[in-house]
Every structure is written in C-alpha cells, then in structure tokens.
Amino acid sequence: MFSLYCIFLWLIIRTGIKGGSDLSGCPTNNSWRYRARSGEKFFLFCDVPRRDLISKKRICGKTSCPDISCSSEVQWYKQPQNGSQPYAILNEHSHITWENNLLQFSPVGINDTGSYICTFKYKPKFEVESRQSRGTTCFLNITLEVQPKEKTLCLNSVKNELFLLIGSTDTVPCPGANCEGDLQREVTWYKNGTLRPQWTKTQIDFEEIYYRDRGVYVCDYNQSINSTWWIVRAVVDVITIVENTSSKPHILYPMIDNLILEVELGKPLTLDCKARFGFERHFHPVIKWYVDDPGLSRKELREGNKSTDNDVEWKTIHYIAHLKEVTKKDLRRNFICFAQNSLGNITRTIKLKQKKGVLFTYILFGTTITVVTILMTSALIYRYWIEIVLLYRTYQAKDETLGDKKEFDAFVSYAKDSFDNLDSSSLNEESFALDLLPKVLENKYGYTLCLFERDVIPGGAYTEDIVKIVKQSRRVICVLSSSYVNSPSVFELQAAVNLALEDQTLKLILIKFSPFKEPDSLPHQVKKALSVLPTITWKNSKSAPPNSRFWSRIRYHMPVKNHWKLGSAVFNFFPRIFS
C-alpha cells in the first residue's frame, strides 16, 4: 500500500513539475540548485529562495514577505539519481531531520547529493487577508550537489564554528565566499532561520559582541560552474563566550566537609553532589563520586545520573549516585564528592552514621500525639461541659419532675422595690426577675416559675407563704445584689437554705446580678451558703441573648425536663462552640 502511495505521489509531483498542473499561482521559478561541502551542517528551505524575497520586500514593506503559508502542510521527498520514484523523508535517517519548511543535514555527506522535492501552500500578498482563500499547492525541485571538503579552495579559511568573546569586536565570515580571490560577492544571510536583509557582505561586522549574538548563521552566494549558476550555502555556528575562569570549581552540596549523614541499614541511599564550574573553552568539567575504604584503594561509584544547568559564565552539574542497600561496611567508608577543572580539583567527604532509637522515636511521637489529643479533648470537654450535658439531656428519657408532687420548677427570689440601678439604659434587678427570667425560662425553655407578686394570693402571712412556696418548688433562684442582702428579702434565701438541708431534691441557684458586700447581720447559714454554692454572674448585654453561656449555666442547674425539642437544643449548642 505504501509503495502504491509513493508511485501515485511521484506521478503527481512529476506532472506538476513538468507543467501538467496549473501552477500559475506559484512562484515563477520552482527549480533551484545548491552546493554544499561534505562534513558540514546544512539546511534546505521549502520556499522561494531568500534572494527573491529581498527583491520583494519593497512591495511587502517587511523584512520577510508573507507570500507563503507552509506551517503544517509542507512535505519533503527525495528523488533518487537513478530515476526511480521519489520517496517521502520520514525523519528515519540518523543525520537528516525536518520540521515544517526546514530540512537539516547534520552533517551533509556525498551520498546526500540528489534532487529534493517539497510541497507547500502558496498565497500571493492580496490573498493573505482572505480567510476563504486556501492558496495554491506548489512544488519546489531543489538540486543538491555535495562537494568533497578536501577539494575546497582555501580550506583552512573555512570555519563552521566560531567562538566570539562577549564585549569584544569581531566578525562572522561566510565560509568559502572569498576563496576565488578577493571578490566582493553579494551574500544573503539568515540568523536562526530568519532572513537578515541588512547583511549583504561576505562577513558580518560586530562592533561589540553580546550574548544574544549567538545562534546559527546561514549564508548564500552565487557561483558559476561550467556555465551553470549554483547557490553555494554554508552554515556557521556562532557561540558567544566569556573569558576562561581563573578559579577552581565550587561545590554547592555537600556544603561542608566531613558531613555526617544518618542512615538506616538495609535501606537504599542517594548521594548528591552539586558543583559549579566557571567557563572554559577547551576543557570539559569532571564530577564524580568515590568510595574510600580504609586500607584499600579508592574506587568510583558509577551508578548514578547527571543533570546540567548552563549559563554564560557558569555550568552547574548535579550528580546523584545510588546505593541499593546500606550495609555495616558502608558505615566505615568515606564517600567523596570530586569536582575538577583545568585549574585543579576540590572534594567534599560524607560519612554515614546509623540511626539509633528509631522505635523509641516512634513510640515517643505516638505517646506525645496521644497525650496532646487527650489534653485537647479534656480541655474541650471542660470548656463545653455544660453544653454537652444539656445536649445529653435532650436524649434522656427520664424526667426528674415526674412524681415529685411539686408545682413549680423554680421560685424566684429578688429584692423588691430596688433602686440601686438608676441607669435607664441598663436592666434593673426587678425587671430582670419579673420580665427577663420568665421570658427566657418559661417562654423559650418551658420551665414553670413562681413569682411572689404574680403567683401568690395576697392576704396570707408572708413567712408562711414563703415556706410553702419553697416546699412546692424544685429550685430557688436568688438574684443577689447589694439591695437583696440588705433587705428583708434575704429571709427567702435563709428559708431556702434551711429547707434544702431537709429536702435533698431542693437546690439553690445563685445569680450575682451586681457586686455586693456581705453585711455582718447575715445569718451564719446564709454566709456559708454564699461561700459554698456556685454563683452565676450576670454580665449585662453579654448575658442577655437566650443562647448565651449565662442561660446555659442556669439550665444546667434547673431540673431535667424532656418536653423541649431536640432541634433547638442542638442548634443552640453548636453555634456557641464554633463562635
């Protein structure tokens, strides 16, 4: 199938070149002759020779004319000298490669003499802007003759590789252009495949060499041989350099000599050696790893890989050697990083040391993590213990209020007619007891409170009513303040303390509403209760929101009741933790 394809392609190409197809839209001359010297790098371009483009630049107004569009539609073929069908060049030759319109020989040889054919898409200038125009498929027939380099005139003057010193003044001559005498030829120059129409002489003069001047320079000039004109093409590799270094290599790693490296026996090991070398034109840097056994000769470690980073002035080489397995014998060896240039060498030594206490380290690390986790968990539990208990109560089926024959969840004791807080913007003690406590504990959380002014029928004896109400309550909430401890209302606290000693289910909840000083007239039982019982401090606006920690602590001390909804408890708990 491939042979049939080649024959078919050969017929098309042959027909196109002989004029059998319409080539009216193609360049006028589609046949060119080039000469090359064997043993040199050589290029062929699949387009109109640059000399024609130079003549067209007056029309295009550019250094290169956009007449040809050959990006991905170029194909190269070779026509054997025996007249057989042309075959496609498929990058299968070791010294011939092509990409788009460039065919490269590295180097060109006598056997490369022959005819080369390339196909491409051609667009005249007036069609370039048209998206609908696809151009015309054209062919170029390029004849290449390779001359033995030994027969080149003035062979010693042909230089295909030039080293130019940065900062100096120098020239790039076209190899062989003046071999027939001091002729002033017109030369076409390219740099890195780009036409340079400003260069027309047999040499390029640089007033000062820069790093950017490096690259591949191609020059063309015409030569008549036996009344036939040929285009002689030569390639010059220009390398910009700096002056040779005046110092030895510098080892970047290991940074210090006699470095101790801890290793594990039986495990593989990589040894890094990284060195920086100054530029030297005629010397290749050397970097190696050596193993030095006590009492034995030094030997080289050859299992490794290198990577190189080139700069104008420096070359950095990273060499990594590999040990498949670290043995006890390796602990007695010296591993030497060796770097050398023409001025001398430098070394760095690495010694191996067995890691000890690896198991102990793992145990210590695990124990530390466990202890830290326990401490953090304990801190969280301690910080949010109240919220955790309240959340747990949501799932608890037991209700401690069932069967105790008590009417109220809590009796609220406070100082009546208190005028301590004269600031109208702040909540006073009476409003707190009569308004805020019922609003939160009764309306939001479903507790039943007993307020003396609201729930006790007037007309009875005060002391008897207080004792009766306290007995019917599961908790007694005392709102403590300076007015409270210095008023008759402190009797309610005293009665609650005495009854709590008889009834173990009765508990007191002390709320410190404002700072106060205990008077000497307080009964002994009351003083003891104030010093022993936990106190919840009211912090004004910070404690006011129903989901604040203040209300959580009150609910923590209130009796367990299971008629609240699970959702409200959960959503009141988690925002406090993550706030």
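Reference entry: report on the structure contained in this document. (Residues numbered from 1 in each chain as written. Predicted model: local features only at pLDDT ≥ 70, side-chain atom pairs only at ≥ 80, totals over all residues. Heavy atoms only, no water.)

### Focus on a nonpolar patch on the surface
Defined as follows: Patch building starts from residues that exceed 30% relative accessible area and form no salt bridge, then joins like charges within 9 Å and nonpolar side chains (Val, Leu, Ile, Met, Phe, Trp, Tyr) within 5 Å. Only the protein chains shown count as cover for residues, and the accessible areas themselves come from Shrake-Rupley with a 1.4 Å probe. A pairing counts as a salt bridge when a side-chain nitrogen of Lys or Arg comes within 4 Å of a carboxyl oxygen of Asp or Glu. Strands are runs of DSSP state E lasting at least 2 residues, helices are runs of H or I lasting at least 4, and numbering of each runs from the N terminus.
Together, Y253, M255 and I256 give the surface a local cluster of nonpolar side chains, amounting to about 330 Å² of exposed area. Its location among the elements puts M255 in the loop between β17 (250-253) and β18 (259-263).

### Quick word on the nonpolar core
Filter applied, for reference: Definition of nonpolar core: a set of buried residues of the types Ala, Val, Leu, Ile, Met, Phe, Trp, Tyr and Cys, connected through side-chain atoms within 4.5 Å. For every residue, the accessible area obtained with a 1.4 Å probe (protein chains only) is divided by the maximum for its type, and the residue is called buried under 20%, exposed over 50%, and partly exposed between those limits.
Membership of the largest hydrophobic core comes to 28 residues, with the highest contact counts inside it found for F411, V470, V476 and L493. Looking at this core, the elements that each hand over two or more residues are β26 (408-413), α7 (462-471), β28 (473-480), α8 (482-485), α9 (490-502), β29 (507-512) and α10 (524-532). The element best represented in this core is α9, accounting for seven residues. Core analysis: the second largest hydrophobic core is formed by 24 residues, Y447, I511, F513 and I536 among them.

### Some words on the state of the cysteines
Test applied: Any two cysteine sulfur atoms lying within 2.5 Å of each other are counted as a disulfide.
Tallied over the entire structure, the rule returns three disulfides. In this model, C174 is linked to C219 through a disulfide, with the two sulfur atoms separated by 2.0 Å. Taking the torsion about the S-S bond as the criterion, the C174 to C219 disulfide, at about 80°, is right-handed. Residue C174 is located in the loop between β11 (170-173) and β12 (188-191), and its partner C219 is located in strand β15 (residues 215-225); the two are separated by 45 residues in the primary sequence. Both residues of the pair, C174 and C219, count as buried. Paired by a disulfide, C273 and C337 hold their sulfur atoms 1.6 Å apart. One end of the pair, C273, is in strand β19 (residues 269-278); the other, C337, is in strand β24 (residues 334-341), and 64 residues separate them in sequence.

### Side note on the sheet that holds β24
Across a sheet, strands are paired by hydrogen bonds formed along the backbone, either parallel or antiparallel in direction. The criterion, for reference: If DSSP finds at least two bridges between two strands, the strands pair. Orientation is described by axes fitted as lines to C-alpha atoms, over the contacting stretch for helices, and by angles from 0 to 180 degrees between their N-to-C directions.
On the basis of which strands lie adjacent, the open sheet formed by five strands has the order β18-β25-β24-β20-β21 and mixed pairing. The two strands at the open ends of the sheet, each matched to only one other strand, are β18 and β21 (299-301). Across the sheet, the axes of successive neighbouring strands diverge by a mean angle of 35°, strand direction being ignored. Bridge count between strand β20 (residues 286-292) and β21: three bridges; the pairing is antiparallel. Its bridge partner being in β21, W289 is matched across the sheet by L301.

### Topic: the packing of aromatic side chains
Heads up, the rule is: Centre distance within 6.5 Å is the pairing criterion for rings of Phe, Tyr and Trp, where only the six-membered ring of Trp is used; planes under 30 degrees apart are then read as stacked, over 60 as edge-to-face, and the remainder as tilted.
Across all of its chains, the model carries 14 aromatic pairs by this definition. Relative to W538, the ring of F513 has its centre 6.2 Å away and its plane inclined at 15°; by these criteria the two rings are stacked. Taken as a pair, F513 in the loop between β29 and α10 and W538 in the loop between β30 (535-537) and α11 (549-557) lie far apart in primary sequence, 25 residues in all. Like F513, the residue W538 is buried in the burial classification. Through pairs of rings, three or more aromatic residues link up here, namely F432, F513, W538, F550 and W551.

### Here's the deal with the environment of E387
Within the secondary structure layout, E387 lies in helix α4 (residues 385-395). The buried category is assigned to E387, whose relative accessible area is 2%.

### Focus on α10
Note the following rule: The reported arc concerns the directions from the helix axis to the C-beta atoms and nothing else.
Taken as a whole, α10 has its buried residues at V526, A529 and L530. Burial along α10 is one-sided: seen end-on, the buried residues are contained in an arc of 100°. Counted as exposed and oriented over 90 degrees from the buried face of α10: H524, K528, S531 and V532.

### Brief notes about the sheet that holds strand β2 (residues 42-45)
Strand order in the open sheet formed by three strands is β2-β7-β6, with antiparallel pairing between adjacent strands. Strands at the two margins of the open sheet, each flanked by one partner only, are β2 and β6 (96-99). Strand-to-strand twist in this sheet, taken as the mean axis angle between neighbours without regard to direction, amounts to 20°. Relative to strand β7 (residues 102-105), β6 is paired through four bridges, and the arrangement is antiparallel. Looking across to β7, one finds that T97 is bridged to Q104.

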